[in-house]
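Remarks on the overall topology
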Amino acid sequence: MHTVRIGEELIRYRKVSDSAPWLLLDCGRGSWGTTAASHVQGETISKLIDHPYKVFLSDIDLTKEIARNLADVFNQTGIRQISFDGLEGVWSTGLGQYGLSLMIKEWYDHLLPEYRDNINDASMTTHYNWHTFTRMNWGEPWYAGFRESQMNYRLMNQDFYRRNLIPCMLGWFKFDADTSLEDIEWLLARSAAFDAGYTLVTNEQQVKQNGLSGRIIEAIRIWENARLSKAFPPELKKEMEHIDNEYSLKEITPDTWELTPYTIKRYQHINSIRQPGEPVVTRWEMDNNRHEQPVGFILKTTGKLKNLRLEIGSFDTLDIPFEMIPGQYLSYDGGDTCYLYDKNWNVIRGFSVDPSKVLIPTGKTTLTVSCHFENEGNTEEYISGEIRLKGKAIQLN
């Protein structure tokens, strides 16, 4: 952030001159809330080290002062939770891992006794922190999709936690306006499998915009009640650790639940034509190792289309009686209604479906998808399809 310190004044500069005598050019005096002051010739000038988060890194004395100030926030407000994310910044002290422990010890020792019983975590640990931290919480949602961001890292962490007698935590996940119920249940299944907590990052606006927020919050309640009741047997939890296995949980009574496993297959239907006016057709090969059932699916389009048809085994057909535009979802769970959603899972409309007319048999079958894209032949436009087949429900109590 191009800042130096002279006495108690911080000075920003645009750049350093290209040749001696070395000069700081285009200076901003009294920066960062300090006051411009006179300085004597020969006074020490220090370059401040900064971090991409746009903060300055500390030496050991400033680190201790920061830690005591954090403790005072607890002592004066009564808050009981903190996350020491980015603790590696304390490496700027030059004391390595000891510097990390020293900061936490300074914070903990400065807490009033009644505030030492708090919830605190971090993205890295030291031997000392093992004694004071409530948990670790590694894994961030900023780098990829809901299920992809740092997933291998998150899974490896669970073994590390178990070996070191630390409570399992899956890390941070984003609950956005477009987060699906299926993604949330995928997370909740991993939580139940590892008996692990997790952190959902969201805000009031995102929750209000998501049309499935009520169902998502209800799903969290149901899964957490079952997990805390230890309803999942060890052999089932082992299966649920695998991220390719998906489930949905239904509450029967406050003490009993029904867990439904799913077989999920994902496909694409790309806007590629052989001649003008010809329907765009893709055949999805499906091997149903479950019982005969109505075919469940979630379809999303990146292009405007009409005349969408799903044909099952070259016999039964499901015609979608309306257009779809980019970002919309079409979802059917095997009941008597298929729903069209906007990009944030708000229902736009539904239409009746006869489940007996969309049955997918046991064994191999072909699903044929066809439609007319408005921009024929634009291969950047496609339908992403998720076929969902239910397995035998498992009773839990």
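So, here is what we can say about the structure in this document.

A separate point is the overall build of the protein chain. Along the backbone of the protein chain there are eight helices and 25 strands. Taken over the C-alpha trace, the protein chain has a radius of gyration of 28 Å; the compact-globule value for 397 residues is 21 Å, which it surpasses by more than 25%. Projected onto its principal axes, the C-alpha positions of the protein chain cover 90 × 55 × 30 Å. When the 397 residues of the protein chain are sorted by exposure, 43% land in the buried category. Across the protein chain, the fraction of contacts at a sequence separation of at least 24, relative to all contacts at a separation of at least 6, is 64%.

Helix length check: helix α4 (residues 151-163), at 13 residues, gives a terminal C-alpha distance of 19 Å against a target of 18 Å (1.5 Å per residue), a fit within 8%. Turning to α4, its buried residues number three or more, namely Met 151, Arg 154, Asn 157, Gln 158 and Tyr 161. Down the axis, α4 shows its buried residues gathered within 110 degrees of arc, on one side only. Of the exposed residues in α4, the ones pointing more than 90 degrees away from its buried face are Asn 152, Met 156 and Arg 163. At its buried positions, α4 is contacted by β10 (169-174) and α5 (181-194). In the stretch just after α4, Leu 165 is the one whose phi turns positive, near 55 degrees.

For the coordinates displayed, the defined rule picks out zero disulfides. The thiol sulfur of Cys 338 is not disulfide-bonded, and the nearest other cysteine sulfur, from Cys 371, lies at 15 Å.

Let us now look at the sheet that holds strand β1 (residues 3-6). Reading across the sheet, the three strands line up as β2-β1-β5 and stay open at both edges, with antiparallel pairing between neighbours. Each end of this open sheet is capped by a strand with a single partner; those strands are β2 (9-12) and β5 (46-47). Bridge analysis of β1 against β5 gives two bridges, and the strand direction is antiparallel. If you follow Arg 5 over to β5, its bridge partner there is Ser 46.

With that out of the way, let us pick up the nonpolar core. In terms of nonpolar packing, the biggest core is built from 57 residues, with Trp 107, Trp 223, Phe 232, Met 240, Leu 249 and Leu 259 touching the most fellow members. Examining the composition of this core, we find that nine residues originate from one element, α5, more than from any other. Among residues more than four places away in sequence, those in contact with Phe 232 are Ala 192, Trp 223, Ala 226, Arg 227, Lys 237, Met 240, Leu 249, Leu 259 and Leu 396. Counting 30 residues, the second-largest nonpolar core is a separate cluster that includes Phe 297, Leu 299, Leu 310 and Tyr 332.

Once that is clear, we can look at the pattern of salt bridges. Tallied over the entire structure, the rule returns 24 salt bridges. Note that Lys 208 and Glu 204 form a salt bridge whose closest N and O atoms lie 3.1 Å from each other. With Lys 208 and Glu 204 both in helix α6 (residues 204-209) and four residues apart, this pair spans about one turn of that helix. Glu 204 shares its class with Lys 208; the two are exposed. Three or more residues are tied together by salt bridges with common partners; here these are Arg 147, Asp 183, Glu 246, Arg 266, Glu 386 and Arg 388.

What the four strands build is an open sheet, ordered β14-β23-β17-β18; its pairing is antiparallel. Here the strands that pair on one side only, and so sit at the sheet edges, are β14 (280-288) and β18 (316-319). For this sheet, the mean inter-axis angle between neighbouring strands, taken without regard to orientation, is 20 degrees. Both strand β17 (residues 305-312) and β18 contribute to a ladder of four bridges, which runs antiparallel. Paired with Arg 309 across the strands is Asp 319, a residue of β18.

Here the focus is a nonpolar patch on the surface. Together, Val 16, Trp 22, Leu 24 and Ile 45 make up an exposed nonpolar region whose accessible area comes to about 390 Å². Mapped onto the elements, Ile 45 comes out in the loop between β4 (24-25) and β5.

Parameters at a glance
Residues numbered from 1 in each chain as written. Predicted model: local features only at pLDDT ≥ 70, side-chain atom pairs only at ≥ 80, totals over all residues. Heavy atoms only, no water. Helix = DSSP H or I, 4+ residues; strand = E, 2+ residues; numbered from the N terminus. Rg over C-alpha atoms; globule rule 2.2 N^0.38 Å. Buried < 20%, exposed > 50% of the residue type's maximum accessible area, 1.4 Å probe, protein only. Contact = heavy atoms within 4.5 Å. Expected span 1.5 Å × (residues − 1). Arc of directions from axis to C-beta. Disulfide = S-S within 2.5 Å. Pairing = 2+ DSSP bridges. Core = buried A, V, L, I, M, F, W, Y, C linked by side-chain atoms within 4.5 Å. Salt bridge = Lys/Arg side-chain N within 4 Å of Asp/Glu carboxyl O. Axes fitted to C-alpha atoms, helices over the stretch in contact; angles between N-to-C directions. Patch = residues over 30% accessible without salt bridge, like charges linked within 9 Å, V, L, I, M, F, W, Y side chains within 5 Å. Areas by Shrake-Rupley, 256 points an atom, 1.4 Å probe, with all protein chains shown as cover.

Distances and angles like these do not, on their own, reveal function.
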